[in-house]
Amino acid sequence: MNRLLFPFYAFLLLCQAVYVQAADAVDKDLLDKAKAAADAGLHYLRGTQSTDGSWSGSVGITALALRAYLENRRSYDEGDGPFITRPIEFILGHTHKDGSISETNNNRNYNTAVSIAALKATKNAKYDEVIMNGQSFIKDLQLDEGDGYEPTHKYFGGIGYGGDERPDLSNQYHAVEALKLTGVDANDPVWEKALVFISRAQNNSETNDQQWAANDGGFTYMPGYSPHGETGSYGGMTSAGLLSLLFAGADRNDPRVQAAYNWIRENYTLENNPGAKDNQGLFYYYNVFAKAMRAYGENEIEDVKGQKHNWRNDLVRQLLSMQDKDGSWVNPYSSRWWEGDRNLVTAWSVIALNQVINKN
Amino acid sequence: MIFSRAVLLTILVSLGASALWSTADFRVTQMLLHAVLFLGAGLLFFPRRSASRPSPLLEALKWCAWVAAGFYLSMILKLDNVNLYQIALLALGLGTVLLASCTAILALDIYGTDRRQTGVVVLPIVAVLTAAPLWLGPFILLMPENQWISSSILALSPLTFLSLLIDADYLRIDWFYQNSPFGGMRFSYPSLVILALCYAFLIVLLAGTCQYYLRRNVYKQ
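Residues numbered from 1 in each chain as written. Chains lettered and ligands numbered in written order. Predicted model: local features only at pLDDT ≥ 70, side-chain atom pairs only at ≥ 80, totals over all residues. Heavy atoms only, no water.

## Quick word on the overall build of chain A
For chain A, the helix and strand inventory stands at 13 helices and two strands. In summary, chain A has a C-alpha radius of gyration of 21 Å against a globular reference of 21 Å for 360 residues, a match within 12%. Its C-alpha atoms give chain A principal-axis dimensions of roughly 70 × 50 × 45 Å. Counting across all 360 residues of chain A, residues that qualify as buried make up 59%. Across chain A, every contact between residues at least 6 apart in sequence was considered, and the portion connecting residues at least 24 apart equals 63%. When the accessible surface of chain A is split by element, carbon and sulfur atoms take 48% of a total near 14900 Å². Separation of charge centres in chain A, based on 34 positive and 45 negative side chains, amounts to 6 Å. (Helix = DSSP H or I, 4+ residues; strand = E, 2+ residues; numbered from the N terminus. Rg over C-alpha atoms; globule rule 2.2 N^0.38 Å. Buried < 20%, exposed > 50% of the residue type's maximum accessible area, 1.4 Å probe, protein only. Contact = heavy atoms within 4.5 Å. Areas by Shrake-Rupley, 256 points an atom, 1.4 Å probe, with all protein chains shown as cover. Lys, Arg positive; Asp, Glu negative; His and termini not counted. Charge placed at Lys NZ, Arg CZ, Asp CG, Glu CD.)

## Describing unusual backbone geometry
Residue and element names in this part refer to chain A. The phi angle at S75 is positive, at roughly 55°, despite the residue not being glycine. The topology assignment puts S75 in the loop between α3 (59-70) and α4 (82-92). Among the residues examined, S75 registers a relative accessible area of 48% and is labelled partly exposed. Here K123, not a glycine, exhibits a phi torsion of approximately 60°, which is positive. By the element assignment, K123 lies in the loop between α5 (108-121) and α6 (128-141). Judged by relative accessible area, K123 falls into the exposed class, the value being 74%.

## Quick notes on the packing of aromatic side chains
In the structure shown here, the tally under the stated rule is 20 aromatic pairs over all chains. Centre to centre, the rings of Y161 of chain A and Y177 of chain B are 6.0 Å apart; their planes meet at 50°, and the pair counts as tilted. With Y161 of chain A in the loop between α6 and α7 (169-181) and Y177 of chain B in helix α10 (residues 174-179), this residue pair bridges two chains. By the burial criterion, Y161 of chain A is buried, and Y177 of chain B matches it. Among the aromatic residues, those joined into a cluster by ring pairs are Y268, F283, Y285, Y286, F289 and W311 of chain A. Stacked on the ring of Y296 of chain A, the Lys or Arg R252 of chain A has its end atom at 4.2 Å from the ring centre. (Phe/Tyr/Trp six-rings, centres within 6.5 Å; stacked < 30°, edge-to-face > 60°. Lys NZ or Arg CZ within 6 Å of the ring centre and 35° of its normal.)

## Side note on α3 of chain A
Residues and elements named next belong to chain A. Under the 1.5 Å per step criterion, the end-to-end length of α3 is 16 Å for twelve residues, consistent within 8% with the ideal 16 Å. Counting buried residues in α3 gives twelve out of twelve residues, a clear majority hidden from the surface. Considered for burial, the residues of α3 that qualify are V59, G60, I61, T62, A63, L64, A65, L66, R67, A68, Y69 and L70. As for α3, its buried residues are in contact with α2 (28-48), α4, α5, α7, α11 (282-296) and α13 (342-357). Sitting at the head of α3, S58 places a side-chain oxygen 3.2 Å from the backbone nitrogen of G60. (Expected span 1.5 Å × (residues − 1). Polar contact = N/O pair within 3.5 Å; in protein donor to acceptor, adjacent residues only side chain to side chain.)

If you want it as structure tokens, here you go:
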């Protein structure tokens with residue numbers, strides 16, 4: 001009997017495997033194009049790299065470009081030559097006694113966060129001490145009772161630029177991502193406090209105690225303010241909020257996570273940054289959207305009309321359509337948030353493509 | 001001695017607004033509020049114009065030094081665990097900005113004959129420079145990203161000088177961040193030393209202009 005049923009079971013398993021792969025995968029031709037686009041982006045970055053290994057003279061952009069290489073399917077590493085080792089040296093050359101890694105006082109959190117994430121991606125243990133110091137610096141930036149902020153304060157648990165004490169969700173997401181990627185203990189108090197601040201940037205009145213909070217489930221830039229008007233939710237921050245929630249310890253069934261995901265379902269598009277003015281922060285959106293969707297683990301997004309979208313396919317198509325002939329990307333609509341810098345935008349785009357390609 | 005109180009009031013309003021809106025950083029708020037209080041009190045003791053005073057510049061210098069010293073002492077007495085070095089720098093900066101304003105006004109006032117005209121010229125200049133990160137915001141958004149342009153614009157504002165003195169990132173405090181796009185642009189605050197030298201150069205230039213016209217007036221008389 002079993003022998004008779006074996007081909008039937010085998011057929012069922014084959015069908016299941018084909019189905020799972022189809023749901024998982026980017027379309028074959030798109031996958032090939034995505035790989036070629038990422039290669040072209042890295043080729044562009046190779047051409048714009050300074051002799052000291054940096055990009056745009058910025059620690060942050062250098063770290064992002066380095067991460068784009070290290071996480072690429074070609075598995076670049078330090079053995080590949082100076083184009084990998086020099087940016088590492090550039091980053092290490094900007095470490096400070098307080099653990100920060102930055103060429104400027106203005107963006108110490110961003111720079112330190114992306115730097116330790118890039119150093120971790122080298123998989124080289126000799127950078128562990130620098131990474132630990134960076135973690136300590138970021139954790140020290142978090143506002144809590146020690147800084148005079150009670151848990152009821154809207155800024156409690158937040159992390160800002162590092163040159164002041166004003167936290168925002170963008171800085172928070174970079175900090176949370178860096179701490180997660182570099183392996184901070186799940187029981188560290190930093191996560192619980194981070195969740196308090198993240199929740200207070202969400203338009204979800206059930207879980208947000210702020211008076212201004214609406215109820216669409218999306219995220220705004222910081223408690224009570226959006227650069228795109230009042231306290232409205234928008235794509236970049238909602239993806240950043242979703243990713244931050246997941247990395248800080250909330251699970252998929254958490255009402256905050258579900259509310260954020262539902263906002264993405266209701267506002268699903270990759271043709272623009274939904275809710276943002278003039279497509280400001282468009283590539284920031286693509287980058288964090290890819291990471292958030294991968295972390296959430298859903299291969300298809302069913303919008304409120306019931307239409308299913310393979311987000312990987314859509315993201316690849318959109319990035320392909322916006323890539324310039326030289327392999328670079330730049331935001332053609334707005335240079336706000338540094339999106340006029342081709343090195344930064346190209347690094348973000350390649351990282352987003354890596355998120356898609358590496359899944360397959 | 002001549003001074004346009006409207007100009008001082010503009011500086012006071014700028015500092016006061018910054019203090020009130022920078023609620024995220026209590027240290028900066030307290031410092032700025034103290035600075036505003038002392039400038040306000042200092043106005044009461046500002047030297048009057050008098051033919052018997054030999055050098056209006058010297059009077060202005062004395063007044064600026066007293067205001068700065070008073071501010072420094074009050075901060076030491078008022079705040080716990082204060083960073084004396086930072087407060088000293090801020091006091092020095094306040095004195096420098098005031099002195100630059102005094103000499104600018106003095107030079108223009110001596111050059112002109114109508115005090116009202118002096119106020120009309122200086123008041124908008126100071127206001128426009130102080131608020132440069134605000135009103136130039138929409139224009140900077142339309143331009144290709146260039147950190148040198150944005151950094152140069154920031155260097156024009158006296159607020160940049162004062163914030164550098166206390167190592168505060170004023171473009172990222174709530175109110176500025178929400179009303180000026182500079183906080184989201186790529187920029188670098190100018191070097192404090194270079195900015196201080198620029199102020200010193202400005203003071204020397206204006207003082208020289210002032211002295212030149214004073215002597216010419218004396219010669220004519």
